[in-house]
Structures are given as structure tokens and as C-alpha cells.
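Each chain, letter by letter, is given below.
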2 protein chains.
Amino acid sequence: MESNGAGRASRPAGTRERILDASGELFRRRGYAATGVKAILAASGAPYGSLYHFFPGGKEELGVAAIDAGGAVYRELVESYFGSGADLVDATRRFFEDAAAVVRDHGYADACPIATVALETAGSSEPMREAAARAFESWLRILERRLVDAGVEPAVARAVALELFCAIEGAFLHSRTTRTTEAIEAVGRAATARVRAVLGSLG
Amino acid sequence: MESNGAGRASRPAGTRERILDASGELFRRRGYAATGVKAILAASGAPYGSLYHFFPGGKEELGVAAIDAGGAVYRELVESYFGSGADLVDATRRFFEDAAAVVRDHGYADACPIATVALETAGSSEPMREAAARAFESWLRILERRLVDAGVEPAVARAVALELFCAIEGAFLHSRTTRTTEAIEAVGRAATARVRAVLGSLG
DNA sequence: ATGCTACTGGATAGATCGTTCTAGCGATAG
DNA sequence: CTATCGCTAGAACGATCTATCCAGTAGCAT
């Protein structure tokens, strides 16, 4: 037994984590199919044995785990902006502004940790498709809840959350493709105005 | 010489077109890296010789051509909704409604012909990245122009065009991942309201 | 008819793919 | 001391990848 954490071996320095981090970055930047297991091992400094020890299901299990991990990271990011008690209009504005800065500063390589893999595998791997759907839903729930907390009708809150999600995801696609932040800035302004309007129309 | 069309051989029944159609569908559904040239040839019924005859640059040149072709098809689709003289509010509403129907009827396999490949190759192939950027820009230009024709300030028209683009692309991602049309419907309503508002605020 | 060009057909090469397998290391428990 | 267990290490495998190569066919022009 011995137990530490959630079943993860934390003894050496976290080989499992290193593999997960490396695959997350490579999947996010190059996609799932284009990323070879060998590249992941090279980037993480782990041998084959370790990968199949921690992820007996092979590349697909690693894909699911990487989506879960990326989803959790982004969920915490959303929480950090749209945490309980946050000024939602200001949070929206800052979220998009900061997203633009991050994407630009990373040379337009990193944006959504999941989108590329989600589109690639939506039709070919149910486990990965479902993992991506869970991650997206968890982000939406945060926005939805905050809007409802602020007094917005649940159905409207859901719709606005979806609008913000689609805005940033579409903008990430445009940004990575054109190597500009034009779209992120444009939809950021629109999203901010939208949130302001939906909050402003309350009793 | 002989000449016909834009340098394409149209003699037999269009082997080049069949290759292009097959790769377009496979790239759109599975992505670029996960689609082998063998699968493309099998789907199109063409031999290796033909592929490298028509696309000497190999898979990457085929990728660029498929993006160009997919971009053109979608450009015509946008034109068919947002053609000169169209009712922009109605066109927006119908565009999203019809998009939801198509995606659902195709089992959530087909959505944007370019998005998956664009995300995959944005960081690894400049020719493909640029092709995708050209395609996106050509769609945006149509929307932009119609809005300007309707009297919208150019900068606002650009922003609204980007908003619509990001809305549909983000919704396609959500739809393919969740196998629902929830997002397309939500952003469709928001987009329609947005276009109505921006047109309604004119002199 | 003959030569020319466009295209077809597929075998083959060389690299890389994901996975499996066995051997062994190092720390901890008995 | 010895057994056990978690993990490391990488060789090896069959499959599949993209690309090359060349022989063969069909249609057109002269």
C-alpha cells in the first residue's frame, strides 16, 4: 500500500507526470496522430517500459489521460478568472486579453490543449471523444454557474457559456492559422459586451 | 496545349478530382496525419502513379490542394447564403440552422472541411497553414463585404465577420465532440441577434 | 503509321509506427 | 540476507508509412 496521492507513484520525480506533460504539449501542438510514442519518450526522457507500465492501454490511454490533464489545467485557469464572486464583465475582458497575449508569446503554437486532438479523434476513438466532451462540459459548467449565481436565467446562462466557449475556440483556430490575435481581440470585445448586456438586463 | 480549364486533365473522368475529393473527405474526418496516402488511393480508386503525377509534391501538396478545394466549396456555400442582396439577418439564421442539420445528418463526422487540418499543421507546414489562412480569409471577406454593403462601418463589419466565423467554428468543435447540435443552435441564435442589432443601429 | 505525351499500375525501398518482451536495477519489507 | 515489487531499459517485431521507380497503355498530332 504505502499510499500517496491518487495511486500515482511520486517516488523518483514523477516519470508518469513527465510523460503526461510531454504528451500534452506534443498533442496540443502537433496533434495526436502526428505525435509518435518515440517523440513523447524522447521529450520526457522515459523509456518504453515506463510508458507501458503507467499506461497499459498504450497511446490511446495516454491520449485520454492527456486530455483529462489538459482539461483540468484549463478548468483551473477558467476558475481563476471566473471564480466565485468575480466581476464577470471584467473577468471576461481579462480572459480574452490574456489569452491573446499567451498565444502570441508562445509563437502561436499553444492555444487550447484539447481542440486539435478532439477534432482528430471525434470520429475514431470513443474514449478520447468522451474525454474531450467531459473537459469541455466542465469548463462550461463553471461559466454557467457563475452566470446563474449572478441572477441570469439558467437557459440564458447555458447559452452565454456556449457562446463564450465557441468564441474562444474559434478564435484560437483563427489565431493559430493566421498567426495573428485579431480574432481573439474581436471576439473578446464582443464577449465582454455580451456578458455586460446579459447582466445589465437583470432586475 | 489543347487547354481545358486551369491546367487540369479532364480527359478520363477526372482522376485528379477523385483524388482531391477522397482526400478532402478523409482529411476532414480523420485529420491529415491519420490519413495515409494508401487510404486516399483506395477511396479514390487511383494508383500511386497518378497521385505523384498530379501532385509531385506528395502528401503535403495534396494537403494544400485539398484545403484550397475545401475552402472553395465552403466559400460558395457562404456565398449562397450571404450573396449580394441577401437579407443578412435571415441568411445568418438559416446558415446556422442548416449547418446544425447537416452536421447531425452526417453523424457528426463532417463539419468544417479545414479546421482539423488547420490545427494539425499550423505549426508544422507553412504551405498548409497559409492555404488554410487564405481559405478562412476568403470566407470572412464575403461576410465583411455584405455588411459594408448594408451600411455597416468597415471596422465593425470586420469584427462581426470574425465573430460569426469563430462562432460557427467553435460550435463545430463542440458539436463533433459532444455529438449534439446544442452549441450550433445557441451561437446561431446569438449570431442572428448580433447581425440584427448591428443592422438595426444604422441611420 | 509513328512518335509524343499523359496517365496508369504496382512493385519496392527505407524509414518509422505502436507494441511486446525479457532482463535487470534499487529500495523496501520480512 | 533474501524476496518482492515498482520501475527502468531498450532490443526486436510485424505492420504501415511516404516516396520512388519504371514498365505499360491510351489518345492525340503529324
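To start, this report covers the structure provided alongside it. All values reported here derive from a predicted model rather than from experimental measurement.

Scanning chain A from N- to C-terminus turns up nine helices and zero strands. Taken from the N to the C terminus, the helices and strands of chain A come in the order α-α-α-α-α-α-α-α-α. The buried share among the 203 residues of chain A stands at 54%. At a minimum sequence separation of 6, the contacts of chain A that also span at least 24 residues come to 66%. About 9000 Å² of surface is accessible on chain A, with carbon and sulfur atoms providing 53% of the total. For chain A, the separation between the mean place of its 24 positive charges and that of its 26 negative charges on side chains is 3 Å.

When chain A is fitted to chain B, the residual RMSD is 0.1 Å, and the transformation amounts to a turn of 180° plus an axial shift of 0.0 Å. Look at the turn and shift together and you get a two-fold axis relating the two. Considering only C-alpha atoms, the residue of chain A closest to the rotation axis is Gly-170 of chain A, which sits at 2.2 Å.

Since there are 3.6 residues in each turn of an α-helix, residues three or four apart along the chain are aligned in direction. Residues and elements named next belong to chain B. Over its 18 residues, helix H5 (residues 88-105) extends 25 Å from the first C-alpha to the last, a length consistent with the 26 Å expected when each residue adds 1.5 Å. What H5 keeps buried is the set Leu-88, Val-89, Ala-91, Thr-92, Phe-95, Phe-96, Ala-99, Ala-100 and Val-103. If you follow the buried residues of H5, they end up packed against helix H4 (58-81), helix H7 (126-149), helix H8 (154-178) and helix H9 (182-200). The opening residue of H5 is Asp-87, an N-cap whose side-chain oxygen sits 3.0 Å from the backbone nitrogen of Val-89.

Our next topic: the packing of aromatic side chains. Scanning all chains against the criterion turns up 16 aromatic pairs over all chains. Ring centres 5.3 Å apart and planes at 85° place the aromatic pair Tyr-81 of chain B and Phe-95 of chain B in the edge-to-face group. Taken together, the positions of Tyr-81 of chain B in helix H4 and Phe-95 of chain B in helix H5 put the pair 14 residues apart, joining distant regions of the chain. Each residue in the set Tyr-74, Phe-136, Trp-139 and Phe-165 of chain A is aromatic and connected to the rest through ring pairs, giving one cluster. Residue placement shows Lys-59 of chain A over the ring face of Tyr-32 of chain A; its charged tip is 4.4 Å from the ring centre.

This brings us to the pattern of salt bridges. Overall, the coordinates contain 30 salt bridges over all chains when judged by the stated rule. The salt bridge involving Asp-149 of chain A is made with Arg-146 of chain A; its shortest N-O contact spans 3.1 Å. With Asp-149 of chain A and Arg-146 of chain A both in helix H7 (residues 126-149) and three residues apart, the pair spans about one turn of that helix. For Asp-149 of chain A, a relative accessible area of 55% gives the class exposed. A salt bridge links Asp-105 of chain B to Arg-104 of chain B; its shortest N-O distance comes to 3.6 Å. Since its relative accessible area comes to 58%, Asp-105 of chain B is described here as exposed. Counted as one network, the salt bridges with shared partners bring together Glu-137, Arg-141, Glu-144 and Arg-158 of chain A together with Glu-182 of chain B.

Conventions we followed
Residues numbered from 1 in each chain as written. Chains lettered and ligands numbered in written order. Predicted model: local features only at pLDDT ≥ 70, side-chain atom pairs only at ≥ 80, totals over all residues. Heavy atoms only, no water. Helix = DSSP H or I, 4+ residues; strand = E, 2+ residues; numbered from the N terminus. Buried < 20%, exposed > 50% of the residue type's maximum accessible area, 1.4 Å probe, protein only. Contact = heavy atoms within 4.5 Å. Areas by Shrake-Rupley, 256 points an atom, 1.4 Å probe, with all protein chains shown as cover. Lys, Arg positive; Asp, Glu negative; His and termini not counted. Charge placed at Lys NZ, Arg CZ, Asp CG, Glu CD. Least-squares fit on C-alpha atoms with pLDDT ≥ 70 in both. Expected span 1.5 Å × (residues − 1). Polar contact = N/O pair within 3.5 Å; in protein donor to acceptor, adjacent residues only side chain to side chain. Phe/Tyr/Trp six-rings, centres within 6.5 Å; stacked < 30°, edge-to-face > 60°. Lys NZ or Arg CZ within 6 Å of the ring centre and 35° of its normal. Salt bridge = Lys/Arg side-chain N within 4 Å of Asp/Glu carboxyl O.

Any functional reading would require information beyond the geometric quantities listed.
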